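Read off the chains here:
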Amino acid sequence: MPGDTLIICGAASNVCVHYTSAAAHQRDYHIKVVEDSCAGGSIEEHEAAMRQINYLQHGARINCEEALKIINE
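Residues numbered from 1 in each chain as written. Predicted model: local features only at pLDDT ≥ 70, side-chain atom pairs only at ≥ 80, totals over all residues. Heavy atoms only, no water.

A. Geometry of helix α2 (residues 43–56). Across its 14 residues, α2 extends 20 Å between first and last C-alpha, which sits within 8% of the 20 Å expected from 1.5 Å per residue. Taken as a whole, α2 has its buried residues at H46, A49, M50 and I53. Taken end-on, α2 shows its buried residues confined to a sector of 100°, consistent with a single buried face. The exposed set on the far side of α2, more than 90 degrees from its buried face, consists of E44 and Y55. Those residues of α2 hidden inside the fold are in contact with α1 (13–26), β2 (30–38) and β3 (61–62). (Helix = DSSP H or I, 4+ residues; strand = E, 2+ residues; numbered from the N terminus. Expected span 1.5 Å × (residues − 1). Buried < 20%, exposed > 50% of the residue type's maximum accessible area, 1.4 Å probe, protein only. Arc of directions from axis to C-beta. Contact = heavy atoms within 4.5 Å.)

Here you go:
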């Protein structure tokens, strides 16, 4: 359905990106997080946030190339 998917990226994957993803999930949006366009306080924090987001929605983790394909569909 058009408009039901959010593509998310940002500078604080373990804070802003994580909470934005969780809020969108709770509002029944499909979420896609461009993990190579995000950064956390550390590599470990970034990876933990990505795992948590993917736990909310399996397949939420994507890369830039995959994001561009979705955008161009």
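B. Layout of the nonpolar core. With ten residues, the main nonpolar core is built from I8, V17, A24, I31, V33, C38, A49, M50, I53 and A60. Elements that contribute at least two residues to this core include exactly α1, β2 and α2. Sequence-distant contacts of A49, defined by excluding residues within four places in its chain, comprise S13, N14 and H18. (Core = buried A, V, L, I, M, F, W, Y, C linked by side-chain atoms within 4.5 Å.)

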